[in-house]
Amino acid sequence: MNYESRDQIEEKYRWDLSSMYESDEAFEQALVDIKTYPEQLAAYRGKISQSASELLAYLRLEDHVALEFEKAWNYAERRSDEDTRVSKYQAYTARCMSLYTQLEEAGSWFNAELLSISEDTIASFYADEPALEHYRRKLEQVLRMRAHTLSAAEEALLARANDAASQPANVYSMFEDADLTFDDATDEKGQKHKLTSGSYIPMLMGHDRVLRESAFKQLYGRYNQFRNTSAAMLTSQIKQLKFFADSRKYESSLAYSLDKNEVPVEVYDNLIEAVHNNLPAFYKYMDLRKQKLGLDELHYWDIYAPLVADVDMKFTYEEACDLIVKALEPMGEKYLDLVKKGLSERWVDVYETPGKRSGAYSAGGKGMNPVILMNFQGTLDDVFTLIHEMGHSIHTYLSSHTQEITYSNYVLFVAEVASTCNEALLSHYLLEHESDPARHAYILNHFLEGFRGTIYRQCMFAEFERDVNAMNGRGEALNADVLCKHYGELNKLYFGTNIVPDEEIQIEWARIPHFYYDFYVYQYSIGFSAAIALSQRILKEGAPAVEDYLNYLSGGCSKPPIELLRGAGVDMATPKPVNEALAYFSELVDQLQAELS
């Protein structure tokens, strides 16, 4: 369904942002109040080390500031994403970014001053103000960063640099979502199809190979026209990350980014090694794809095509909603009630419109409802996207309603587990309830695509990101040729020899927004592996496993992420969950081959 503007879409398909602010005017008034917070934060400088009461007062103020600013930031971002071409909402996000920089600078002295307090004095503060016990984990998080914390003046300087550091991502967003357009793709009958970031993957998932090839070449041909600009944007992102890593005395950008989430670098490297060890299973899947599609040559525009002919699973949005509710029944009544609440109370912005941000995400936090951005096209993949993002939203809801603002925001490392566990349950439900052999094989193929796209593909992205950041760390030049060459080599490694190394795929890195998220993508692979383990436990054990899982979802950042996941029943500090997930993938490939035979 194609819409030319948001006004054409019924209200029930547009998200409700009123839990953030009732209107733009209310947002504007909130900014007036938030502008006073930097001065209030700065006024505590030199005081928190003097008494427990001053330290407690500052921490409570900081919580209040975080609560109010998160609402403003979310409102500005969500309005901007509705139509990235609207300058008013671009200005909203710019004003919030400016305020964020001011707030960071106003509180930038805190870590250095806290670190100047002796351990004995800190211990006496807890005795003097028992309410400080609530903040013990937060304070210990600062104290463990002693080796990476600078002087107050240096911290203020780094805080001022945040605004400039965010610009590569902002420029990329404007380029990708507002300015970049594509020529129409052409099908086997010569008919034209509008190509957008949202329609590209659905085209590649179709049976028309001419259309698939046309969409692939049109899309990457356009990116290739801007290859040098794209390389400059990504290189700027890599360099700003290195600046902060070096400034904070980390051995690498990777170590700097992972340490924020208390994740050892070994977890990242173990993931890549485990996936490398399981590449034969992926090669087997690519071989099956080539055989069952009856192709002399397998190209990159063939890797999304369904292996089962004459099955075209389409869904209305209402059908998608009904399906995810049924699939999530093993999660229990409490979880299901929240899903129904989100669907009925307009947490979801459903359809694509010109200028709307591409892709999908869930956002929100304490003091507001979570919301979901989608660009729903009616495919089975869109149903999986809806249940995926709803997993994030329920995680956000439970964390923010269980934890105080101090610990309500969970870290990225655990975020993808909640979403991909939902996907695994949807796959299980579909496979259990589908009696038609062709549709059953189609769904099994889709489940395998989840492994391919979430473990193998995201791990390849993670390896690319690790490698190009390491190249920059060694002082090697990064340009379009270098980035394309290395990306092409990784594709050859991951996809094997039974796929033609189409030249266009070398520029794919230019369309991956997650490379601007500071080592985010590895968490998809980690999350999917954990989700397979947790979903199997929920299905086998029922209520006890669900209770452990809901406790994990409610934990926010009250414990280290690996510890939270251990409480749910999976240890991501070892490669075992990844190896077991990919062994299961190999079994499913064999099952699909048998069904298709």
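Residues numbered from 1 in each chain as written. Predicted model: local features only at pLDDT ≥ 70, side-chain atom pairs only at ≥ 80, totals over all residues. Heavy atoms only, no water.

Identification of the protein as Oligopeptidase F from Lancefieldella rimae is taken from an unreviewed UniProt entry. Taken from UniProt, the Function (unreviewed entry) comment for the protein reads in full: "Has oligopeptidase activity and degrades a variety of small bioactive peptides." (UniProt positions renumbered as here; feature names shortened; annotations may be inferred.)

Details of the UniProt feature "domain: Peptidase M3A/M3B catalytic" (unreviewed entry) in the protein
Per the UniProt entry, the sites bearing "domain: Peptidase M3A/M3B catalytic" (unreviewed entry) are residues 207-583 in this numbering. When the span residues 207-583 is considered, its composition is 64% helix and 2% strand, and the gap between its end C-alpha atoms is 29 Å. (Helix = DSSP H or I, 4+ residues; strand = E, 2+ residues; numbered from the N terminus.)

Focus on the pattern of salt bridges
Scanning the entire structure with this criterion turns up 39 salt bridges. Notably, a salt bridge pairs D481 with R227, separated by 3.1 Å at the nearest N-O pair. You can see D481 sitting in helix α21 (residues 480-495) and its partner R227 sitting in helix α12 (residues 227-247), a full 254 residues away along the chain. Between R457 and E508 there is a salt bridge, with the nearest N and O atoms lying 2.9 Å from each other. Remark: E508 occurs in the loop between α21 and α22 (522-541) and R457 occurs in helix α20 (residues 437-473); sequence separation between them is 51 residues. With a relative accessible area of 4%, E508 lands in the buried category. Counted as one network, the salt bridges with shared partners bring together R6, D24, R79, E82, K88, D349 and K356. (Salt bridge = Lys/Arg side-chain N within 4 Å of Asp/Glu carboxyl O. Buried < 20%, exposed > 50% of the residue type's maximum accessible area, 1.4 Å probe, protein only.)

A few points about the UniProt feature "domain: Oligopeptidase F N-terminal" (unreviewed entry) in the protein
UniProt records the feature "domain: Oligopeptidase F N-terminal" (unreviewed entry) for residues 113-182 in the present numbering. Secondary structure across residues 113-182 divides into 69% helix and 0% strand, with the first and last C-alpha atoms of the span separated by 53 Å.

Concerning a negative patch on the surface
On the surface, a cluster of negative charge is contributed by E10, E318, E319 and D322. Along the chain, E318 falls in helix α16 (residues 317-327). Given a relative accessible area of 35%, E318 falls into the partly exposed group. (Patch = residues over 30% accessible without salt bridge, like charges linked within 9 Å, V, L, I, M, F, W, Y side chains within 5 Å. Areas by Shrake-Rupley, 256 points an atom, 1.4 Å probe, with all protein chains shown as cover. Lys, Arg positive; Asp, Glu negative; His and termini not counted. Charge placed at Lys NZ, Arg CZ, Asp CG, Glu CD.)

Describing the nonpolar core
Among the nonpolar cores identified, the biggest contains 169 residues, and F413, F451, W509, Y552 and F585 are the most heavily contacted of them. Here F451 is in contact with Y456, F528, I532, A581, L582, Y584, F585 and L588, once residues within four sequence places are set aside. (Core = buried A, V, L, I, M, F, W, Y, C linked by side-chain atoms within 4.5 Å. Contact = heavy atoms within 4.5 Å.)

Topic: the layout of surface pockets
The volume enclosed by the second largest pocket comes to roughly 1,000 Å³. Taken together, 40 residues make up the lining of the second largest pocket; nearest its centre are K194, T196, S199, E352 and Q377. Going through the elements one at a time, α9 (167-179) and α10 (197-204) are the ones with two or more residues in the lining of the second largest pocket. Per-element tally for the lining of the second largest pocket: the top contributor is α10, with four residues. For the lining of the second largest pocket, the residue count by class is 15 nonpolar, 14 polar and eleven charged. In this structure, the lining of the second largest pocket is formed jointly by two domains, domain 2 (176-310 + 442-521) and domain 3 (312-412), each of which donates at least three residues. (1 Å grid on protein atoms, 1.4 Å probe; cavity = no way out; pocket = protein on both sides within 12 Å on 5 of 7 lines; lining within 4 Å. Points joined across faces, edges and corners; volume = space filled by probe spheres on them. Nonpolar A, V, L, I, M, F, W, Y, C, P; charged D, E, K, R; others polar. Domains from an automatic or database assignment.)

Topic: the environment of P306
Examined against the element boundaries, P306 turns out to sit in the loop between α15 (279-292) and α16. What makes P306 buried here is its relative accessible area of 9%. For the pair P306 and A441, spaced 135 residues apart in sequence, the C-alpha to C-alpha distance is 9.7 Å. When residues no more than four places from it in sequence are discounted, the contact partners of P306 are M205, G206, H207, L293, Y442 and N445.

A closer look at helix α24 (residues 561-568)
Among all positions in α24, only P561, I562, L564, L565 and A568 are buried. Here the buried residues of α24 occupy an arc of 155° about the axis, which is enough to place them on one side. Structurally, α24 contributes buried residues whose contacts are with α14 (265-277), α19 (412-433), α22 and α23 (543-553). Looking one or two residues beyond α24, the residue adopting positive phi is G569, at roughly 115°. (Arc of directions from axis to C-beta.)

A closer look at the side chain of T353
Looking at the secondary structure, you find T353 in the loop between β3 (348-349) and β4 (361-363). Every residue in contact with T353, bar those within four places of it in the chain, is listed here: Y3, S5, R6, I9 and E82.

Concerning the domain arrangement of the protein
What the domain assignment reports for the protein is domain 1 (6-146), domain 2 (176-310 + 442-521) and domain 3 (312-412). Its C-alpha centre places domain 1 at a distance of 35 Å from the equivalent point of domain 2. In this assembly, five residues from domain 1 lie in contact with five residues from domain 2. Roughly 440 Å² of surface becomes buried between domain 1 and domain 2 when both sides are summed, with 36% attributable to carbon and sulfur atoms. Its largest share of buried area at the contact with domain 2, domain 1 owes to T84, R144 and M145, together 70% of the area lost on that side. Our enumeration of links across domain 1 and domain 2 arrives at two salt bridges. Residue E262 is joined to R137 by a salt bridge in which the shortest nitrogen-to-oxygen separation is 2.7 Å. Summed over the shared surface of domain 1 and domain 2, the number is four residue pairs in polar contact (both at pLDDT 80 or more). Across the side of domain 1 that touches domain 2, the residue classes break down as one nonpolar, two polar and two charged. (Buried area = accessible area lost by both parts, 1.4 Å probe. Polar contact = N/O pair within 3.5 Å; in protein donor to acceptor, adjacent residues only side chain to side chain.)

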